[in-house]
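Residues per chain are reported as follows:
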Amino acid sequence: MTFQDINDRIATMAAQKGGLGVSFKFAFPEGIIVVKNDGSVTNENEEADCTISATVENFSKVMSGDLNPMMAVMTGKIKISGDMSVAMKLQNLL
């Protein structure tokens, strides 16, 4: 999965779910994806309630189910900053 594949998939899921009332930022070496409060998605580096940092490879594994999200966080493959309660809402998006 490439950065563009992840971007397209997140945009599709965010559009289907609508606004979650919180914002998420996904930070990859290749770029940024921000899901805004209303469910819209941008690649501009905007403020967000919670930031998820990962490589495209590790995030792809989480999205495909090949890597447990909790283990990814515990082993440092994915880093979460900001409001942790907001990070829990990420399950509703993905």
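Please refer to the structure placed before this passage.
Quick caveat, the model's predicted, so the values are computed rather than measured. (Residues numbered from 1 in each chain as written. Predicted model: local features only at pLDDT ≥ 70, side-chain atom pairs only at ≥ 80, totals over all residues. Heavy atoms only, no water.)

**Student:** Would you mind going over helix α1 (residues 3-17) in detail, with residue names and values included?
**Tutor:** Relative to the 21 Å expected for 15 residues at 1.5 Å per residue, α1 spans 21 Å between its end C-alpha atoms, a close match to the ideal helical length. Considered for burial, the residues of α1 that qualify are F3, I6, N7, I10, M13 and A14. Along the long axis of α1, the arc covered by the buried residues comes to 135°, so they all point the same way. The exposed residues of α1 that point more than 90 degrees off its buried face are A15 and Q16. (Helix = DSSP H or I, 4+ residues; strand = E, 2+ residues; numbered from the N terminus. Expected span 1.5 Å × (residues − 1). Buried < 20%, exposed > 50% of the residue type's maximum accessible area, 1.4 Å probe, protein only. Arc of directions from axis to C-beta.)

**Student:** Talk me through the packing of aromatic side chains; I want residue IDs and the actual numbers.
**Tutor:** Counting across every chain of the model gives four aromatic pairs. Residues F28 and F59 carry aromatic rings whose centres are separated by 5.3 Å and whose planes lie at 75° to one another, so their mutual orientation is edge-to-face. Note that F28 is positioned in strand β1 (residues 24-28) and F59 in helix α2 (residues 56-64), a separation of 31 residues in sequence. Taking relative accessible area as the criterion, F28 reaches 8% and is therefore assigned buried. Taken together, the aromatic side chains of F3, F24, F26, F28 and F59 make up a single cluster linked through ring pairs. (Phe/Tyr/Trp six-rings, centres within 6.5 Å; stacked < 30°, edge-to-face > 60°.)

**Student:** Can you explain the pattern of salt bridges? Please cite residues and give values.
**Tutor:** Following the criterion strictly, the structure yields two salt bridges and no others. Between K36 and E46 there is a salt bridge, with the nearest N and O atoms lying 3.6 Å from each other. Pair noted here: K36 is in the loop between β2 (31-35) and β3 (41-42) and E46 is in the loop between β3 and β4 (50-54), with a separation of 10 residues, a long-range link. With relative accessibility at 31%, the residue K36 sits in the partly exposed group. K61 is paired through a salt bridge with E57; the nearest N and O atoms lie 3.5 Å apart. (Salt bridge = Lys/Arg side-chain N within 4 Å of Asp/Glu carboxyl O.)

**Student:** Lay out α2 in plain terms, naming residues and giving numbers.
**Tutor:** Listed in full, the buried residues belonging to α2 are V56, N58, F59, S60, V62 and M63. Contact partners of the buried residues in α2: α1, β1, β4, α3 (69-74) and β5 (78-82). (Contact = heavy atoms within 4.5 Å.)

**Student:** Run through the side chain of N58, naming residues and quoting values.
**Tutor:** Within the secondary structure layout, N58 lies in helix α2. The class for N58 is buried, based on a relative accessible area of 13%. Contacts of N58, omitting those with residues within four sequence positions, involve L67 and K77.

**Student:** Kindly report on the pairing of β2, identifying the contributing residues and their values.
**Tutor:** Each regular strand shows side chains that alternate between the opposite faces of the sheet. With respect to burial, β2 is a largely interior element, five of its five residues being buried. Of the two faces of β2, the one holding G31, I33 and V35 and the one holding I32 and V34 are both buried throughout. Sheet topology places β1 next to β2; five bridges connect them, and they run antiparallel. Within β2, the position partnered with K25 by the bridge is V34. With antiparallel pairing between neighbouring strands as the criterion, β1 and β2 make up a hairpin whose turn holds two residues. Both β2 and β3 contribute to a ladder of two bridges, which runs antiparallel. Counterpart to V34 in the pairing with β3 is T42. (Pairing = 2+ DSSP bridges.)

Any link to function would need more than the numbers given here.
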